[in-house]
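Close look at the chain arrangement
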Amino acid sequence: QVHLVESGGGLVQAGGSLRLSCAASGRTFSTYIMGWFRQAPGKEREFVAGLSWSGRSTSYADSVKGRYTISTNNAKNTVYLQMNSLIPEDTAVYYCAADRSAGIIRSRTSEYDYWGQGTQVAVSS
């Protein structure tokens, strides 16, 4: 069983930064694709960023490109999401997810097999 735990959310002013962490446990993740998603109130969960554990491949939603960076610390089995230049529209619950199929980075929630419990990010104007 794979277990994902997010942390690092909070309240920040527009223009500020936060770093989210996702600690993974339960098996070896070297072939998984890891993703970050977010869900704002009344909206569907949407893809934010994804990467392979090797770090060679990354993908970002257009809305966060240039502001967010996804990375890994393989020794700690942890995935990070560095969020800079935050805007109120970034307010959402952020989820970490793992896709065990390997291969390309995919953006549909249905393609991910494991999910964390989420961490709240709130950006004030």
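The notes below deal with the structure included here. Given the structure is predicted, the values throughout are model-derived calculations rather than measurements. (Residues numbered from 1 in each chain as written. Predicted model: local features only at pLDDT ≥ 70, side-chain atom pairs only at ≥ 80, totals over all residues. Heavy atoms only, no water.)

Let's talk about the overall build of the chain
Note the cut-off: In this description a helix means any DSSP run of H or I spanning at least four residues, a strand means any run of E spanning at least two, and both kinds are numbered starting from the N terminus. Using C-alpha atoms as the atom set, the radius of gyration is obtained and then compared with a globule rule of 2.2 Å times the number of residues to the power 0.38. Think of it in three bands: with a 1.4 Å probe and only protein chains considered, a residue is buried below 20% of the maximum accessible area for its type, exposed above 50%, and partly exposed in between. It only takes one pair of heavy atoms within 4.5 Å for two residues to be counted as in contact. Surface exposure here means Shrake-Rupley accessible area, sampled with a 1.4 Å probe, where a residue is shielded only by the protein chains that are shown.
Of regular secondary structure, the chain possesses zero helices and eleven strands. Mapped in sequence order, the helices and strands of the chain form the string β-β-β-β-β-β-β-β-β-β-β. Over its C-alpha atoms the chain spans a radius of gyration of 13 Å, differing by no more than 12% from the 14 Å that the globule rule assigns to 125 residues. Dimensions of the chain, computed from C-alpha atoms along their principal axes, come out at roughly 40 × 30 × 25 Å. Within the chain, the proportion of its 125 residues that are buried is 44%. Looking at the chain alone, contacts between residues at least 24 apart form 58% of all its contacts between residues at least 6 apart. With the model as given, the accessible surface of the chain reaches about 6300 Å², and the carbon-plus-sulfur share is 45%.

Thoughts on the state of the cysteines
Which entries qualify depends on this criterion: Counting rule for disulfides: a pair of cysteine sulfur atoms within 2.5 Å.
Evaluated as defined, the whole model comprises one disulfide. Paired by a disulfide, cysteine 22 and cysteine 96 hold their sulfur atoms 2.0 Å apart. The chirality of the disulfide connecting cysteine 22 with cysteine 96 is left-handed, given an S-S dihedral of about -75°. Within this pair, whereas cysteine 22 is found in strand β3 (residues 18–25), its partner cysteine 96 is found in strand β9 (residues 92–99), the two being separated by 74 residues in sequence. The pair formed by cysteine 22 and cysteine 96 is uniform in burial state, with each residue classed as buried.

Focus: unusual backbone geometry
At asparagine 77, a residue that is not glycine, the phi angle is positive and equals roughly 50°. You can call asparagine 77 partly exposed: its relative accessible area is 24%. Of note, the phi angle at serine 85 is positive, near 50°, even though the residue is not glycine. Residue placement: serine 85 occurs in the loop between β8 (78–83) and β9.

Details of the environment of serine 57
Note on placement: serine 57 falls in the loop between β5 (46–52) and β6 (58–60). Considering only alpha carbons, one finds serine 57 and alanine 24, 33 residues apart in sequence, at a separation of 19 Å.

A look at the packing of aromatic side chains
Heads up, the rule is: Centre distance within 6.5 Å is the pairing criterion for rings of Phe, Tyr and Trp, where only the six-membered ring of Trp is used; planes under 30 degrees apart are then read as stacked, over 60 as edge-to-face, and the remainder as tilted. Whether a charge sits over a ring comes down to the Lys NZ or Arg CZ being within 6 Å of the ring centre and within 35 degrees of the ring normal.
Under the criterion given, the structure shown has six aromatic pairs. Their ring planes at 5° and their centres at 6.4 Å tell us that tyrosine 32 and tyrosine 114 sit as a pair that is stacked. Remark: tyrosine 114 occurs in strand β10 (residues 114–115) and tyrosine 32 occurs in the loop between β3 and β4 (33–39); sequence separation between them is 82 residues. Of the residues examined, tyrosine 114 reaches a relative accessible area of 14% and is grouped as buried. Among the aromatic residues, ring-to-ring pairing joins Phe37, Phe47, Tyr95, Tyr112 and Trp115 into one connected group. Its end group placed over the ring of tryptophan 115, arginine 45 keeps NZ or CZ at 4.9 Å from the ring centre.

Things to note about the pattern of salt bridges
Put simply, the rule reads: The term salt bridge refers to a side-chain nitrogen of Lys or Arg lying within 4 Å of a carboxyl oxygen of Asp or Glu.
A full pass over the atoms with the stated rule returns six salt bridges. Notably, a salt bridge pairs aspartate 90 with arginine 67, separated by 2.7 Å at the nearest N-O pair. One end of the pair, aspartate 90, is in the loop between β8 and β9; the other, arginine 67, is in the loop between β6 and β7 (68–73), and 23 residues separate them in sequence. For aspartate 90, a relative accessible area of 1% gives the class buried. Here aspartate 113 makes a salt bridge to arginine 100, at a shortest N to O gap of 3.5 Å. Of this pair, aspartate 113 sits in the loop between β9 and β10 while arginine 100 sits in the loop between β9 and β10; the two residues are 13 residues apart in sequence, bridging distant segments of the chain. Of the residues examined, aspartate 113 reaches a relative accessible area of 33% and is grouped as partly exposed. The exposure class of arginine 100 is partly exposed, given its relative accessible area of 48%.

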